[in-house]
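Take a look at the letters that make up each chain.
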Amino acid sequence: MLHIGVMMSDYKFTIERKKQTVKTVLELSYQHGAPNVSTNMIAQQLGITQPALYKHFKNKQEIWEEVATSIAKEISKNIATINGEKLQANTALKRLVLSHLELLRKAPALPEIMMLRKKNNEHSTFQKIIQDSMKDFHSALAQEVKRAVKEGEFDCNLCAKDASSLIRGLVQSLILRMLIERNLDILSKNGERLLDLLLSGFTKTGKKQ
């Protein structure tokens, strides 16, 4: 029993260390730029040595894969949570967008990493994992727009593809402002207000939802 207890304790420590590493990598990437983040910087920020860091990760690419997988899980979790709550389409759509903005607020380095053109192997892998998750997010947006049209919340002539593109454009414009001004509060202060304004244009009357 003691041996099992030790194994469980080691497992929990590893999980916690990986969570701390993910948070640290994202913070350092936002501060210094993802290409400039080294394992030495990560270890120093965590208050450990590089050998101690490599007890949990085989190499730097595995660290980035852990970061990407963690974010991808959050995106999937947000979609699943909203799908499971049986909300009205318009409400579900708002919750989906706002939860994504909150995720970006917690991981503000994500947009810059996704825009990297000259990337090494770990960044390439990172982008592929996140891109796959973002496809699910975009699909969920389109699905809720279609449902809102079908249920009469949005105008029956509304093109779901165009509406989804406009919502994505709003998110991207907020991200761009956040990156230029280096102000994370832009996402939370302006996100809901501008989203409400946009969605009001999708309704039959143009009334705010």
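Keep in mind the model is a prediction, meaning the values are calculated, not measured. (Residues numbered from 1 in each chain as written. Predicted model: local features only at pLDDT ≥ 70, side-chain atom pairs only at ≥ 80, totals over all residues. Heavy atoms only, no water.)

S.K.: Could you clarify how one ought to interpret the nonpolar core in this entry?
M.R.: Counting residues in hydrophobic clusters, the biggest one holds 58 residues, and the most contacted among them are I42, I71, F126, F154 and I167. Every element with two or more residues in this core is listed here: α1 (2–32), α2 (39–46), α4 (60–84), α5 (89–106), α6 (110–114), α7 (121–150), α8 (160–181) and α9 (185–200). (Core = buried A, V, L, I, M, F, W, Y, C linked by side-chain atoms within 4.5 Å. Buried < 20%, exposed > 50% of the residue type's maximum accessible area, 1.4 Å probe, protein only. Helix = DSSP H or I, 4+ residues; strand = E, 2+ residues; numbered from the N terminus.)

S.K.: Which parts of the structure should I look at to understand the confidence of the model for the chain?
M.R.: Any residue range with low pLDDT should be treated as having predicted coordinates unsuitable for detailed reading. A residue-level look at the chain finds 90% of positions with pLDDT of 70 or above and a mean pLDDT of 89. In the model, residues 1–8 has pLDDT below 50 throughout and makes zero contacts with residues more than four positions away in sequence or in other chains. (pLDDT = per-residue confidence, 0-100. Contact = heavy atoms within 4.5 Å.)

S.K.: Explain the packing of aromatic side chains here, please?
M.R.: Under the definition given, this model contains two aromatic pairs. Ring centres 5.6 Å apart and planes at 85 degrees place the aromatic pair W64 and F126 in the edge-to-face group. Of this pair, W64 sits in helix α4 while F126 is found in helix α7, placing the two residues 62 residues apart along the sequence. Judged by relative accessible area, F126 falls into the buried class, the value being 0%. Between F154 and F202, the aromatic rings sit 5.5 Å apart at their centres with planes inclined by 75 degrees, giving edge-to-face as the arrangement. Of this pair, F154 sits in the loop between α7 and α8 while F202 sits in the segment after α9, and the two are 48 residues apart along the sequence. We note that F154, like F202, is buried. The ring of Y30 carries R182 above its face, with NZ or CZ at 4.1 Å from the centroid. (Phe/Tyr/Trp six-rings, centres within 6.5 Å; stacked < 30°, edge-to-face > 60°. Lys NZ or Arg CZ within 6 Å of the ring centre and 35° of its normal.)

S.K.: Is there a simple way to explain the layout of surface pockets in this structure?
M.R.: Any space left empty among the atoms is revealed by the rolling of a water-sized probe across them. When its volume is computed, the largest pocket comes out at roughly 660 Å³. What lines the largest pocket is a set of 22 residues, among which V22, L26, S70, I71 and E74 lie closest to the centre. Across the lining of the largest pocket, the residue classes tally to eight nonpolar, four polar and ten charged. What the second largest pocket holds in volume is close to 450 Å³. Residue lining of the second largest pocket: 18 residues in total, with P111, M114, M134, Q172 and I175 positioned closest to the centre. (1 Å grid on protein atoms, 1.4 Å probe; cavity = no way out; pocket = protein on both sides within 12 Å on 5 of 7 lines; lining within 4 Å. Points joined across faces, edges and corners; volume = space filled by probe spheres on them. Nonpolar A, V, L, I, M, F, W, Y, C, P; charged D, E, K, R; others polar.)

S.K.: I tried to follow the pattern of salt bridges on my own but got confused; where do I start?
M.R.: Side chains that carry opposite charge are capable of pairing whenever their charged atoms lie near each other. Under the criterion given, the structure shown has ten salt bridges. Put simply, K23 and E27 hold a salt bridge, and the shortest N to O gap is 2.6 Å. A residue pair is termed a helical-turn pair when its members lie 3 or 4 positions apart in one helix, as K23 and E27 do in helix α1 at four residues. Judged by its relative accessible area of 30%, E27 falls in the partly exposed class. For the salt bridge of K94 with E192, the shortest nitrogen-to-oxygen distance reads 3.6 Å. One end of the pair, K94, is in helix α5; the other, E192, is in helix α9, with 98 residues separating them in the sequence. (Salt bridge = Lys/Arg side-chain N within 4 Å of Asp/Glu carboxyl O.)

S.K.: Teacher, can you tell me more about α9 here?
M.R.: Residues three or four positions apart in an α-helix share a direction because the helix packs 3.6 residues into each turn. Here α9 is 16 residues long and its end C-alpha atoms lie 23 Å apart, about the 22 Å a rise of 1.5 Å per residue gives. Taken together, the buried positions of α9 are I186, L187, N190, G191, L195, D196, L199 and S200. Contact partners of the buried residues in α9: α5 and α8. (Expected span 1.5 Å × (residues − 1).)

S.K.: Looking at this structure, how should I read the environment of S29?
M.R.: Considering the arrangement of structural elements, one finds S29 in helix α1. Exposure remark for S29: the relative accessible area of 2% places this residue in the buried category. Sequence separation between S29 and E112 is 83 residues; the distance between their C-alpha atoms is 8.7 Å. If sequence neighbours within four positions are ignored, S29 has contacts with A34, V37, W64, A109 and I113.

S.K.: Looking at this model, I keep getting lost on the side chain of T24. Mind explaining?
M.R.: Structurally, T24 can be placed in helix α1. At a separation of 2.8 Å, a polar atom in the side chain of T24 contacts the main-chain carbonyl oxygen of Q20. For T24, the contacting residues outside a window of four places in its chain are I42, Q45 and L46. (Polar contact = N/O pair within 3.5 Å; in protein donor to acceptor, adjacent residues only side chain to side chain.)

S.K.: Would you explain unusual backbone geometry in this entry?
M.R.: Peptide bonds are trans in most cases, and residues, glycine excluded, mostly fall at negative phi. The backbone phi angle of K86 is positive, close to 55 degrees, even though this residue is not glycine. On the secondary structure map, K86 appears in the loop between α4 and α5. Residue classification places K86 among the exposed positions, given a relative accessible area of 74%. Positive phi, close to 55 degrees, is recorded for R182, a residue that is not glycine. Tracing the backbone through its elements, the reader meets R182 in the loop between α8 and α9.

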